[in-house]
Amino acid sequence: MPFARAIDADIHYEDTGGNGPLVLLAHEFFMDRTMFAEQMDALAPEFRIVTWDARGHGRTRDQGLPFTYWTAARDALTVLDHLGAERAVVGGTAQGGFTALRTALIAPERVSALILISTEAHGPTPEQSTATQRFLAEWYDDGSRPRAVQRLAHWLIGDHDRHRTVWTERWLAHDRHGIEVAAGCLLGRDSVLDRLSEISCPALVVHASHSGIARERGKLLAESIPGSTFVEIDGARLAVTMTHPDPVNHAIRQFLRGRAVSTATRRH
């Protein structure tokens with residue numbers, strides 16, 4: 001299995017290969033790289049799609065140390081370094097979008113465009129933090145965990161039966177405490193709202209109308225990053241890449257074709 005070695009973690013990734021522009025995608029909290037399976041199938045070989053598992057998720061191996069989304073941004077760059085990629089389109093869903101924004105801020109020369117799906121630049125509100133903490137208390141408790149998993153499936157996936165079945169089975173089999181450090185990262189994230197003007201590359205902002213993220217926050221992302229495109233997908237929840245792959249893939253394809261995004265394939 002392919003891994004990129006960071007100082008204190010082995011970052012697992014999947015790569016479609018090919019000579020097209022490289023698109024690096026990061027997943028939502030509680031999920032893993034497989035939430036982009038439809039994008040890997042549909043967008044390659046025109047684009048080289050690379051997906052990766054964040055710390056505390058999937059097959060990535062780390063030491064369980066506290067980290068932030070700035071750490072995750074450096075993990076994204078570690079994957080690019082491992083692949084020998086000078087530049088890439090960098091994107092992600094929800095927490096993957098938090099990471100993508102920070103990647104563009106710490107290494108603007110490495111990011112040719114952003115794909116921001118069901119995400120925002122804000123830090124968590126007190127209400128969001130309280131709701132997340134209550135949910136995690138249920139998640140960690142054996143008695144209430146099955147109910148928590150069903151709520152999570154509804155929140156992230158909605159009524160898509162096939163994906164709900166797959167992911168509820170995964171979550172019930174998952175070590176319930178394996179997510180604790182990553183949850184600390186989510187709850188403790190900072191806002192980058194006042195730094196959006198520093199981002200010089202264009203962004204595709206895909207807003208899922210039922211994601212739980214306010215529409216005005218998605219619009220603000222697009223309005224604050226010059227040359228950006230806003231696309232709204234009605235009725236979709238956070239895992240829109242799985243439940244509504246056709247409009248997501250169409251939006252990504254048209255955005256990248258329209259921008260004539262180019263990426264150097266090797267670092268020198």
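Just above sits the structure.
Here's a quick rundown of the structure. (Residues numbered from 1 in each chain as written. Predicted model: local features only at pLDDT ≥ 70, side-chain atom pairs only at ≥ 80, totals over all residues. Heavy atoms only, no water.)

A separate point is the environment of Ala 88. Turning to its location among the elements, Ala 88 is positioned in strand E6 (residues 88–93). By relative accessible area, Ala 88 is classed as buried at 0%. Considered as a pair, Ala 88 and Pro 21 are 67 residues apart in the sequence and their alpha carbons are 6.9 Å apart. (Helix = DSSP H or I, 4+ residues; strand = E, 2+ residues; numbered from the N terminus. Buried < 20%, exposed > 50% of the residue type's maximum accessible area, 1.4 Å probe, protein only.)

What follows deals with the nonpolar core. The biggest cluster of nonpolar side chains holds 52 residues, and the ones touching the most others in it are Phe 30, Met 31, Trp 139 and Trp 171. Excluding residues that lie within four positions of it along the chain, Trp 171 makes contacts with Phe 30, Met 31, Trp 139, Arg 145, Val 149, Leu 152, Ala 153, Leu 156 and Ile 157. (Core = buried A, V, L, I, M, F, W, Y, C linked by side-chain atoms within 4.5 Å. Contact = heavy atoms within 4.5 Å.)

This part is about the pairing of strand E7 (residues 111–117). Counted residue by residue, E7 has seven buried out of seven residues, so it is predominantly covered. Of the strand pairs in this sheet, E6 and E7 are connected by six bridges, and their pairing is parallel. When the sheet's bridge partners are listed, Gly 92 is paired in E7 with Leu 116. Between the parallel pair E6 and E7, the chain is carried across by helix H3 (residues 95–106), and the sense of this crossover is right-handed. Alignment of E7 against strand E8 (residues 203–208), held across four bridges, turns out to be parallel. (Pairing = 2+ DSSP bridges. Right-handed = clockwise from strand over helix to strand, strands pointing away.)

It is worth spelling out the environment of Leu 193 at this point. With respect to the secondary-structure elements, Leu 193 resides in the loop between helix H7 (180–187) and E8. Each residue touching Leu 193, except ones within four places of it in the same chain, is listed here: Ala 121, His 122 and Leu 220.

The subject of this paragraph is the pattern of salt bridges. Where charged atoms from two side chains of opposite charge approach closely, those side chains can pair. Taken as a whole, this structure holds 17 salt bridges when the rule is applied. The salt bridge involving Arg 55 is made with Asp 8; its shortest N-O contact spans 2.9 Å. Of this pair, Arg 55 sits in the loop between strand E4 (48–52) and strand E5 (61–62) while Asp 8 sits in the loop between strand E1 (3–5) and strand E2 (9–15), placing them 47 residues apart in sequence. The same class applies to Arg 55 and to Asp 8, which are both buried. Note that Arg 110 is salt-bridged to Asp 81, the shortest N-O span being 2.9 Å. You can see Arg 110 sitting in the loop between H3 and E7 and its partner Asp 81 sitting in helix H2 (residues 69–83), a full 29 residues away along the chain. (Salt bridge = Lys/Arg side-chain N within 4 Å of Asp/Glu carboxyl O.)

Across all of its chains, the model carries six aromatic pairs by this definition. Each residue in the set Phe 29, Phe 30, Phe 135 and Trp 139 is aromatic and connected to the rest through ring pairs, giving one cluster. Sitting over the ring of Trp 70, Arg 102 keeps its end group 5.4 Å from the ring centre. (Phe/Tyr/Trp six-rings, centres within 6.5 Å; stacked < 30°, edge-to-face > 60°. Lys NZ or Arg CZ within 6 Å of the ring centre and 35° of its normal.)

Looking now at the environment of Ala 182. Take Ala 182: it is sitting in helix H7. Ala 182 gets classed as buried once you look at its relative accessible area, which sits at 3%. Here the alpha-carbon distance between Ala 182 and His 57, two residues 125 residues apart in the chain, equals 8.3 Å.

Here helix H5 (residues 145–156) spans 16 Å end to end across twelve residues, near enough to the 16 Å set by a 1.5 Å rise per residue. Of all the positions in H5, only Arg 145, Ala 148, Val 149, Leu 152, Ala 153 and Leu 156 are classed as buried. Along H5, the residues classed as buried sweep out an arc of 140° about the axis, all on the same side. Structurally, H5 contributes buried residues whose contacts are with helix H4 (126–140) and helix H6 (161–173). (Expected span 1.5 Å × (residues − 1). Arc of directions from axis to C-beta.)

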